[in-house]
Amino acid sequence: MFSLQRVSTRIINKRTISAIRPILGLRGYATAQDISSLLLVEHKNKAIASSTFNALTAASKLGGNVIALVAGEDPDPIVSEVSKLQGVSKVLIAKDKVYEHGIAEVYAPLLASTQKQLKFTHLVAPHSAFGKNIMPRVAALLDVAQISDVIGIESPDTFIRPIYAGNAIAKVKSKDPIKVLTVRGTAFPPATISDQTGASSEAAPESEKPALTEWIGEDLQKSDRPELGAATKVVSGGRALKSRENFDKLINNLADSIGAAIGGSRAAVDAGYCDNALQVGQTGKVVAPEFYLAVGISGAIQHVAGMKDSKVIAAINSDPDAPIFQVSDYGLVADLFTVVPELTEKLKKKELN
Ligand SMILES: Cc1cc2nc3c(=O)[nH]c(=O)nc-3n(C[C@H](O)[C@H](O)[C@H](O)COP(=O)(O)OP(=O)(O)OC[C@H]3O[C@@H](n4cnc5c(N)ncnc54)[C@H](O)[C@@H]3O)c2cc1C
């Protein structure tokens, strides 16, 4: 294989190599000029979702140009912000009411038709509910495999991603001509604002807008607490809380005493102790705060998959053999109903640091 590559470079021009590379399954020819990525920007009304900044860093790591796609009913404020981000070379704008609520049934054809007309090598989105809903549909429309939850980029065709709820790490090499990726936010630092003048923008190619799904409404919890996915401190409660009242009283107060976001295990969510959006784990959110405190959570692999990258992990559990202690930096073997109120009082009075 090595000698074939060396001989080939002498006798075949670069354009031909680009064309036959996917057929031969060759690596090593991809230059920054060959690569161009389309980054799907996730945003809510007037703010870019923080996961987009991390996905941009991942897209920049692929090499080549990164073109950002902003869709929405009134995307201009977002376009202006995105154009100032380090690594964005152009912004494509899809302005239409149908894009207002992130409905996958209209976003997927938009990405597929943008790809068909502009021929990117990579399509990148955050591994959030938004990205996870859209990108598999895009991959299906383009007839390529989708590569989910990327935590590392080895080369433009080789990616690192967790499997088996994070218990094994796979290195995946894609031979597809187009790579459709979702990126785990906590694995890449956020992109920063550039000092340069903003990137140019233009309208995205037209695409069909199938009316398969109608937006009815949403019922969002309003909270002054930090957002779980972006918080630097998280306090999570588990099944041991026994009721929503206990969860609200003990976990919410403890979290407020240190300005932390609130999370929960799936058992706590399923039992109705806390809202679905607060679930941490394989089928919930993946978080990597500076400090994660697990209260009355056993440490099942599916939960640990969502928090093990936290910088400092502490746990309160009455069972000294609870698996959560195996991933914890600090552990307190105690009854949470006794120690959590005491801890909260001390933190409120700043008797502890
Ligand atoms: C496909 C799949 C996906 C899943 N995804 C997720 C996911 O995303 N997130 C997730 O969390 N789970 C997930 N699960 C579920 C997971 O396997 C566990 O069932 C769940 O995490 C258990 O939640 P828990 O730790 O709160 O409850 P338990 O496992 O019941 O643990 C409760 C803990 O509280 C301790 N305790 C009891 N009383 C007290 C007390 N008074 N004081 C202190 N400690 C006490 C106990 O010792 C025990 O360790 C998934 C499972 C499957 C099969």
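Here we summarise the structure given alongside this text. (Residues numbered from 1 in each chain as written. Predicted model: local features only at pLDDT ≥ 70, side-chain atom pairs only at ≥ 80, totals over all residues. Heavy atoms only, no water.)

Quick notes on the nonpolar core
Core analysis: the largest hydrophobic core is formed by 30 residues, its most contacted members being Val82, Val88 and Val124. Of all the secondary structure elements, the ones that give two or more residues to this core are helix H3 (50–61), strand S4 (65–72), helix H4 (76–83), strand S5 (88–95), strand S7 (146–150) and strand S11 (179–183). For this core, the leading source of residues is H3, giving five residues. Those residues in contact with Val82 that sit more than four places away from it in its chain are Val41, Ile48, Ala68, Val70, Val88 and Val91. (Core = buried A, V, L, I, M, F, W, Y, C linked by side-chain atoms within 4.5 Å. Buried < 20%, exposed > 50% of the residue type's maximum accessible area, 1.4 Å probe, protein only. Helix = DSSP H or I, 4+ residues; strand = E, 2+ residues; numbered from the N terminus. Contact = heavy atoms within 4.5 Å.)

Topic: the packing of aromatic side chains
One pass over the full model with this rule turns up two aromatic pairs. For the ring pair Tyr99 and Tyr107, a centre distance of 5.5 Å and an interplane angle of 80 degrees mean the geometry is edge-to-face. With respect to class, Tyr99 is no different from Tyr107; both count as buried. When the ring of Tyr107 is compared with that of Phe130, the centres are 5.4 Å apart and the planes differ by 80 degrees; the resulting orientation is edge-to-face. With Tyr107 in helix H5 (residues 104–118) and Phe130 in helix H6 (residues 129–142), the pair connects residues that are 23 residues apart, well separated along the chain. The class of Tyr107 is buried, set by a relative accessible area of 3%. Each member of the aromatic cluster is reached from another via a ring pair, and the members are Tyr99, Tyr107 and Phe130. (Phe/Tyr/Trp six-rings, centres within 6.5 Å; stacked < 30°, edge-to-face > 60°.)

Quick notes on H3
Most of H3 is tucked away, with nine of its 12 residues classed as buried. Within H3 the residues assigned to the buried category are Ser51, Thr52, Phe53, Asn54, Ala55, Leu56, Thr57, Ala58 and Ala59. At the exit of H3 stands Gly63, carrying a positive phi of roughly 90 degrees.

Points about the environment of Lys116
Relative to the helices and strands, Lys116 is located in helix H5. In the structure, Lys116 is positioned 26 residues away from Leu142 in sequence and 8.4 Å away in space, judged by C-alpha atoms. Residues contacting Lys116, with those up to four places away along its chain left out, are Leu141 and Leu142.

Structural notes on helix H10 (residues 336–348)
If you check H10, its first and last C-alpha atoms are 17 Å apart, about what 13 residues at 1.5 Å a residue would give, namely 18 Å. The complete set of buried residues in H10 reads Leu336, Val339, Val340, Thr344 and Leu347. An end-on view of H10 places all buried positions within 130 degrees of arc, on one side of the element. Looking at the buried positions of H10, the neighbouring elements they touch are helix H7 (244–257), strand S15 (291–295), strand S16 (312–317) and strand S17 (330–333). At the C-terminal side of H10, Lys350 shows a positive phi close to 55 degrees. (Expected span 1.5 Å × (residues − 1). Arc of directions from axis to C-beta.)

As for the site of the ligand
Taken together, 25 residues are adjacent to the ligand, and Arg239, Ser265, Thr283, Ser298 and Gln302 come closest. Note that an oxygen atom of the ligand is positioned 3.0 Å from one of the backbone N or O atoms of Gln282. At 2.9 Å, a backbone N or O of Leu336 approaches a nitrogen atom of the ligand. Contact with the protein chains removes 74% of the 990 Å² of surface that the ligand exposes when unbound. (Near = heavy atom within 4 Å. Polar contact = N/O pair within 3.5 Å; in protein donor to acceptor, adjacent residues only side chain to side chain. Areas by Shrake-Rupley, 256 points an atom, 1.4 Å probe, with all protein chains shown as cover.)

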